[in-house]
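What the coordinates show
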Amino acid sequence: MAQTPVEEIDALVIGAGITGLYQLYCLRRQGVNARIYDAAGGVGGTWYWNRYPGARLDSESWSYAYSFSDELLQEWDWSESFVGQPELERYLNYVADKFELRPHIRLNTRVKGAAFDEQANRWRVETEAGHRARARFVICATGLLSAKHVPDIPGVDTFAGESFHTARWPREPVDFGGKRVGVIGVGSTGVQVITEVAKQCGHLTVFQRTPNYCAPLRNSPIGREWMEQIKANYHEVFEGCRRTISGFIHEPDPRRTLEVPPEEREAFYEDIWQKPGFAKWFGNFSDLMIDREANELYCEFVRRKIRERVKDPEVAEKLVPKDHHFGAKRIPLETDYYETYNRDNVALVDVREDPIQRITPRGLETRSGLHELDVLIFATGFDALTGEVTRMDIRGVGGQTIQEHWADGPSMYLGLQTAGFPNLFFENGGLFCNFTRCAEATAEFVSDAIVYLRDQGFERMEADAQAEREWIEHAQSLSAKRLISDVPNWADGSNIPGKPVALAFYGGGFKRYTDICDDVAAQGYRGFRLT
Ligand code: NA7
């Protein structure tokens, strides 16, 4: 049988989410022949797949918007301060149409593998359907939280009812009417899905391992007048985000917790608690994430808030986190999450006390007995950062696989490239950040680099191994000063059994990171080998 012809591409972008769409836009604007391949049936990445009930932003919508086009900013009206998944999916489709990106996107196309041809300086790419391409550059815009994680619970495939992972939710609405539903997981996703499904189902059982410090989202509609104000101030919004450590609109209070008298401190906590979004995390005292004693004071404040909202004191105690610091794990933002446990149709099972034994055709069995279920929802998170990359067969110089190369944990210079894999870029690996803010910064860095190589006549760009090691040491030394988790956490890979535990994020903040990237570029891409 004749093979399909090999597609010749300058830059292949894997993923049509927020980063990939903007990466494609940047490259094509610079005259680079770029394409996106995406496994999904539509654009949107995270906002295509995560269509579970309750899926919603917890960055302010307008601070999460693309900033690159004034026209887009002025055209698009956000309906709420924290919009839901359907609006975000519509927004990303609008962007794909407005900037005429669709002809350059191949959907339903999952990349199986890519091997670097050292003679030709090209990546040979193959998709699962057998389509082949040759690309000078491959850019993994595969997202931070894309590869779903389903825990290896005995009998996981034997369940006879309906079962879903939140990150692969069907397009057709699921009918929960009168059904017995179980949810495993109480991270940001679990918190959103639990609150929504409890209102729709007959009975809900929540299987919780580690309770989180959940904080009120305080969503509200955006009326015409407010939207006009936002549109007039977009420039300041994005400038403000650039100054903060995580690219959000919230700035920390410069004071240290313990230098503030107790009554004033309590009033401050109360004040930030009443604010929308992550004000109660990133708008906190400046030492929240570095001083255990300071953090513990705030933990106690939040624990009190939880206890006040849950009627049954025994249930409340199960929901109160005691084994980690506030912010050591990502804080879920919620609307009526704790009140959900006051409903008659909701039960909470603490699986540390009453461990999961197995899944059976009829439900989920814990040590105390069988919980009969019609629907089982896995809100069990992701193999973050590298999961989607290591599921592909990527082979660099000398045929080395990316899995072998990262056997001790992910390592990338500036979160962008790793030695031995020339012309291969990773995005979304450098920073923990208000996603679009970082996505734009990295996509611009990568397209500028590709244009620089083209204009200067270079064939290859590859992270220098020494520069990469020094970067990782530097990034980790900054992160080490911050309170990180002793409990499983996707940010360092410890939520995935067997995955090497390593925190690859840069802890120096958004502004310092982008300043460093600018400086690296200005010095002819210092730390990269251009040949
Ligand atoms: P998360 O935050 O990783 O949460 C996953 C949840 O699933 C968490 O509560 C886990 O408990 C739980 N989990 C995972 N495996 C098991 C097993 N085997 N038994 C019981 N419970 C389990 O993922 P999310 O999707 O909620 O959020 C990811 C990010 O998306 C979020 O941070 C936002 O940035 C958006 P654990 O805490 O590990 O004890």
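Above this text you will find the structure in question.
This section reports on the structure supplied with the text. Please read all numbers here as calculations on a predicted model, not as lab measurements.

1. Considering the site of the ligand
The environment of the ligand is formed by 18 residues, the closest being Val186, Thr189, Arg209, Thr210 and Lys329. Between the ligand and Ala379, the relevant distance is 3.3 Å, taken from an oxygen atom to a main-chain nitrogen or oxygen of the residue. A distance of 2.9 Å separates an oxygen atom of the ligand from a polar side-chain atom of Trp490. Isolated, the ligand exposes 790 Å² of accessible area, and the fraction of that covered by the protein chains is 87%. Its residues placed into classes, the shell around the ligand shows eight nonpolar, seven polar and three charged.

2. Notes on the packing of helix α16 (residues 435–456) against helix α18 (residues 510–522)
Axis separation between α16 and α18 bottoms out at 11 Å; the angle between their running directions is 5 degrees. In terms of orientation, α16 and α18 fall into the roughly parallel class. Counted together, Arg437, Cys438, Ala441, Thr442 and Phe445 of α16 and Phe510, Tyr513, Thr514, Cys517, Val520 and Ala521 of α18 form the full contact between these two elements. Taken together, the residues that form the contact of α16 with α18 break down as eight nonpolar, two polar and one charged.

3. Notes on helix α5 (residues 85–98)
The terminal C-alpha atoms of α5 lie 20 Å apart, and with 14 residues this matches the ideal 20 Å at 1.5 Å per residue to within 8%. For α5, the complete set of buried residues consists of Gln85, Glu87, Leu88, Glu89, Tyr91, Leu92, Val95 and Ala96. Contact partners of the buried residues in α5: α1 (18–29), α2 (46–49), α3 (61–64) and α4 (70–75). In the segment just after α5, Glu100 is the residue with positive phi, at about 50 degrees.

4. A few points about the sheet that holds strand β14 (residues 363–366)
Spatially, three strands are ordered β13-β14-β15 in an open sheet, and the strand pairing comes out antiparallel. The open sheet has two edge strands, β13 (356–360) and β15 (369–372), and neither has a second partner. For this sheet, the mean inter-axis angle between neighbouring strands, taken without regard to orientation, is 25 degrees. Direction of pairing for β13 relative to β14: antiparallel, over a ladder of four bridges. Bridge pairing in β14 links Thr360 to Gly363.

About the thresholds
Residue indices begin from 1 for each chain and proceed along its sequence in written order. Restriction of local features to residues with pLDDT of at least 70 applies here, the model being predicted, together with a cutoff of 80 or more for giving and counting side-chain atom pairs; totals for whole chains, interfaces and linings are based on all residues. Working from all heavy atoms in the structure, the side-chain values ignore hydrogens and water. Neighbouring residues are identified by heavy atoms, a residue being near a molecule or strand if any of them is within 4 Å of it. Under the rule applied, a polar contact is a pair of N or O atoms within 3.5 Å (in protein, one hydrogen donor and one hydrogen acceptor; residues adjacent in sequence only if both atoms are side-chain atoms). Per-residue accessibility takes into account occlusion by the displayed protein chains alone, with areas from the Shrake-Rupley method and a 1.4 Å probe. The nonpolar class holds Ala, Val, Leu, Ile, Met, Phe, Trp, Tyr, Cys and Pro. Asp, Glu, Lys and Arg form the charged class, and all remaining residues, Gly among them, are polar. To get an axis, fit a line to the C-alpha atoms, keeping to the stretch in contact for a helix; angles then go from 0 to 180 degrees between the N-to-C directions. Going along the chain from the N terminus, every DSSP run of H or I of four or more residues is numbered as a helix, and every run of E of two or more is numbered as a strand. Working definition: roughly parallel below 35 degrees, roughly antiparallel above 145 degrees, roughly perpendicular at 65 to 115 degrees, and oblique for all remaining angles. Here, two residues are considered to be in contact whenever any of their heavy atoms come within 4.5 Å of each other. Every helix has an expected span of 1.5 Å times one less than the residues it contains. The cut-offs for exposure are 20% and 50% of the maximum accessible area for each residue type, with area from a 1.4 Å probe on protein chains only; residues under the lower value are buried, those over the upper are exposed, and the others partly exposed. Two strands are said to pair when DSSP picks up at least two bridges between them.

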